[in-house]
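Secondary and tertiary structure notes
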Amino acid sequence: MRALTTAATGMQAQQLNVEVISNNLANMNTTGFKRQRAEFQDLLYQNVQQMGAASSDAGTIVPTGVQVGLGVQTASIYRITEQGALSNTGNPFDLAVSGEGYFRVQMPDGSDGYTRAGNFAVSGDGELVTSEGYTVAPGIAIPNGARQIEINVQGQVQVQIDGQTDMQTVGQLELATFFNQAGLEAIGDNLFLETAASGSASLGTPGSPGFGDVRQGFVETSNVNSVSEITSLIQAQRAYEMNARVITASDEMMAASSNLR
Amino acid sequence: MDNAMMIGLSRQMTLRRSMDVVANNIANANTAGFKVESLLLENRAAPTATHDDGPSDVQFVNTWGMARDFRQGELAFTGREFDLAIDGNGFFAIETNGEEQFTRDGRFRLDGAGQLVASDGSPVLDADTRGPILIDSSAGSVQIVDGGTIMQNDQQIGRVGVFEIANRSEMSKQGNGRYTIPPIEDPADAPLAMLDPTVSQGYVEQSNVQSILELTDMMAVMRSYQSVSKFLEQAEDLSKRAIERLGRI
């Protein structure tokens, strides 16, 4: 009976759905986290009776065929990259992107990583680094004795050094945008890698057309909406139960046949 | 006697198939753009085994076709830029392997080259050019207004094609939410882009499966299967007793 395996694909799909939802809920308070959505599509169809097949010698054709579907499959787990709310922290090294763009991060292996989580810090060498200690590209050195650090919306980093009156520019942050942000590969630690699906990064100055602004003293909170996640969870759970009912019913039908003796 | 067995079996075969269809509907209760299906049955007359004064024909059950319910699915708000839903008639066209396929699932995205694509990377077709739609997302936010027109910075950069299919019962399902239509001999019969479709941006059309109906269908199928089994058992019992009685003479 196909019904058994069809219902099994339905249960698997809903299980994956619950897994995605639980990951979203687990990351509700993760800085820069973007929620994901499991997208489903129907599986193949078996042609029991082909539509358009000749039903007689006189040229009449079958108007509607009989196609029996084989269940459901996961099309993709899509990342929804809408803006998360900005939350004020007052920390001068907390940066949030308001609008499009990712901070570029130099990975330990020399490649480029991208992140929306701007909870940066200064390393022992005075360099601006992520919470893992990776350098924020293009590399900004905060001189020793810097008293006040100002990062404006265009990403210009200015410091005031003790004993001097003028602000001194020490670096310029850059942002990267992609044609298809959802095509970036998440590698954990709030970091993403470029893929063929995302297209290559185009770098630019914050605040220029197509790039978002940098906000100092803010972090971008996760864009998970707990209410919609919980309603999706309820839907997924009920759908799972219904598929389980189909399995029970198919089982009873098979039992009815095997009890014929 | 064999007639009863055969009729019972033909009914059980269609019931199994109905169960498969119900299972597929329930499995796709959360699949965007899915349309619920049901089996159409007919009776097929066949001559009886030797029976002088009985009915001249027995009626077997046969699957005749598949009914698809194209009723509108509910629109669920997602707020995502490239989630599109059609309210009313029509289908989006997707080009897959050089062939136009149709779908109601409007969860599109941009690929690495800026093309508007479906989840498997196949391009969504424009209403006027019937080619891929190119969008530069860095040039500003994209609004898709009524009629499927794509606006960016107050300028029209394309129109999402919504095509009218004259005979929806001819459409064949391909999986992935896609339908194909049979080859068209006369180009005049090709599906036309609708002039003024209702396309909503930021919405997804949900599956139109009504779970309560499917569950009651499922129970009905299961119970009739059991009752046919019972009746097969009785028919068999009858022939067994006939053999016993005849053996006594």
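Residues numbered from 1 in each chain as written. Chains lettered and ligands numbered in written order. Predicted model: local features only at pLDDT ≥ 70, side-chain atom pairs only at ≥ 80, totals over all residues.

1. Quick word on the overall build of chain B
This is how it is decided: Here a strand is any run of E in DSSP of at least two residues, a helix any run of H or I of at least four, and the numbering for each starts at the N terminus. The globule rule used here is 2.2 Å times the number of residues to the 0.38 power, and the radius of gyration it is set against is calculated over C-alpha atoms.
Tallying secondary structure elements over chain B gives 2 helices and 17 strands in all. The C-alpha atoms of chain B give 26 Å as radius of gyration, which overshoots the globular expectation for 249 residues (18 Å, by more than 25%). Judged by the C-alpha coordinates and their principal axes, chain B covers about 95 × 40 × 30 Å.

2. Some words on the overall build of chain A
Where we set the bar: Here a residue counts as buried when 20 or more other C-beta atoms fall within 10 Å of its C-beta, as exposed when 12 or fewer do, and as partly exposed in between; the C-beta atoms come from the backbone.
When its secondary structure is counted, chain A shows 2 helices and 19 strands. Along the first, second and third principal axes, the C-alpha atoms of chain A reach 100 × 45 × 35 Å. Taking all 261 residues of chain A together, the buried fraction comes to 37%.

3. Quick notes on the sheet that holds strand E8 (residues 112-115) of chain A
Residues and elements named next belong to chain A. To keep things clear, this is the line we draw: Each pair of strands is called paired provided DSSP finds at least two bridges between the two strands. The axes are straight lines fitted to the C-alpha atoms, using for helices just the contacting stretch, and the angles between their N-to-C directions are given from 0 to 180°.
If you trace the 6 strands from one edge of the open sheet to the other, you get E15-E16-E8-E7-E14-E17, paired in antiparallel fashion. The open sheet terminates on both sides in strands that have one partner only, identified here as strand E15 (185-188) and strand E17 (202-204). Averaged over all neighbouring strand pairs, the angle between strand axes comes to 45°, with direction disregarded. When E15 meets strand E16 (residues 191-193), the two strands line up antiparallel, connected through 3 bridges. Looking across to E16, one finds that glycine 188 is bridged to leucine 191.

4. Here we look at the confidence of the model for chain B
How we decide: Confidence per residue, as judged by the predictor, is encoded in pLDDT with a range of 0 to 100.
Averaged over all residues, the pLDDT of chain B equals 87, while 96% of them reach at least 70. Overall fold confidence (pTM) sits at 0.81, and the ipTM for the predicted complex is 0.73.

5. Re the interface of chain B and chain A
Defined as follows: Note on contacts: residues are paired as contacts if their backbone-placed C-beta atoms lie within 7 Å. Charged residues are taken to be Asp, Glu, Lys and Arg, nonpolar residues to be Ala, Val, Leu, Ile, Met, Phe, Trp, Tyr, Cys and Pro, and polar residues to be all remaining types, Gly included.
Counting from both sides, the interface comprises 48 residues of chain B and, opposite them, 54 residues of chain A. Mapped by element, the contributors of at least two residues to the side of chain B that touches chain A are helix H1 (2-27), strand E2 (57-68), strand E7 (109-110), strand E13 (172-175) and helix H2 (211-248) of chain B. Among the elements that take part in the side of chain B that touches chain A, H1(B) stands out by supplying 10 residues, more than any other. Split by residue class, the side of chain B that touches chain A holds 18 nonpolar, 20 polar and 10 charged.

6. As for the pairing of strand E16 (residues 198-201) of chain B
Residue and element names in this part refer to chain B. Alternating positions in E16 separate cleanly, Val199 and Gln201 being buried on one face and Thr198 and Ser200 remaining unburied on the opposite face. Of the pairings in the sheet, the one linking strand E4 (residues 84-87) to E16 comprises 4 bridges and is antiparallel in character. Residue pairing in the sheet places leucine 84 in a bridge with glutamine 201 of E16.

7. Topic: the nonpolar core
Let me state the cut-off plainly: The nonpolar core is taken to be a set of buried Ala, Val, Leu, Ile, Met, Phe, Trp, Tyr and Cys residues joined by way of C-beta atoms within 7 Å.
Counting 54 residues, the largest nonpolar core has Tyr114(A), Phe92(B), Val124(B), Val160(B) and Val162(B) as the members making the most contacts within it. If we ignore the near neighbours within four places in the chain, the residues touching Tyr114(A) are Tyr102(A), Phe103(A), Arg104(A), Val105(A), Ala176(A), Leu184(A), Leu191(A), Phe192(A) and Ala201(A). Core analysis: the second largest hydrophobic core is formed by 39 residues, Leu15(B), Ala29(B), Met66(B) and Met218(B) among them.

8. Describing the sheet that holds strand E14 (residues 178-180) of chain B
Residue and element names in this part refer to chain B. Across the sheet, which stays open at both edges, the 6 strands sit in the order E13-E14-E6-E5-E12-E15 with antiparallel pairing between neighbours. Of all the strands in the sheet, the pair left with one neighbour each is E13 and strand E15 (192-193). Relative to E15, strand E12 (residues 162-164) is paired through 2 bridges, and the arrangement is antiparallel. If you follow phenylalanine 163 over to E15, its bridge partner there is alanine 193.

9. A closer look at the packing of helix H2 (residues 226-258) of chain A against H2(B)
Threshold: Working rule for angles: under 35 degrees goes down as roughly parallel, over 145 as roughly antiparallel, 65 to 115 as roughly perpendicular, anything else as oblique.
For the pair H2(A) and H2(B), the least separation of the axes is 9 Å and the interaxial angle reads 10°. The orientation of H2(A) with respect to H2(B), classified from their angle, is roughly parallel. Residue-level contacts link Met242(A), Arg245(A), Val246(A), Ala249(A), Glu252(A), Met253(A), Ala256(A) and Ser257(A) of H2(A) to Ser211(B), Leu215(B), Met218(B), Met222(B), Tyr225(B), Gln226(B) and Ser229(B) of H2(B).

10. Quick notes on the packing of helix H1 (residues 2-26) of chain A against H1(B)
Packing of H1(A) against H1(B) brings their axes to within 8 Å, and their N-to-C directions diverge by 5°. In terms of their interaxial angle, H1(A) and H1(B) are classed as roughly parallel. The residues of H1(B) that touch H1(A), namely those facing Arg2(A), Ala3(A), Thr6(A), Ala7(A), Thr9(A) and Gly10(A), are Met19(B), Asp20(B), Ala23(B), Asn24(B), Ile26(B) and Ala27(B). Residues of the contact of H1(A) with H1(B), tallied by class, amount to 6 nonpolar, 4 polar and 2 charged.

11. Details of the environment of Gly79(B)
As for its placement among the helices and strands, Gly79(B) is situated in the loop between strand E3 (75-77) and E4. For Gly79(B), a count of 12 C-beta atoms within 10 Å gives the class exposed. Separated by 45 residues in sequence, Gly79(B) and Val124(B) have C-alpha atoms that sit 20 Å apart. Excluding its chain neighbours within four sequence positions, the residues that come into contact with Gly79(B) are Glu82(A) and Gly202(B).

12. Looking at the environment of Asp109(A)
Residue and element names in this part refer to chain A. Summarising the element assignment, aspartate 109 is placed in the loop between strand E7 (102-106) and E8. Residue aspartate 109 is classed as exposed on the basis of its 6 C-beta neighbours within 10 Å. The spatial distance from the C-alpha of aspartate 109 to the C-alpha of asparagine 144 is 28 Å, given a sequence separation of 35 residues.

13. Focus: unusual backbone geometry
Geometrically, the link from Ala137(A) to Pro138(A) is a cis peptide bond, its omega value of 0° lying close to zero. Looking at the secondary structure, you find Pro138(A) in the loop between strand E10 (128-129) and strand E11 (146-151). With a phi close to 50°, Asn153(B) is a non-glycine residue in the positive phi region. Take Asn153(B): it is sitting in the loop between strand E10 (149-152) and strand E11 (155-159).

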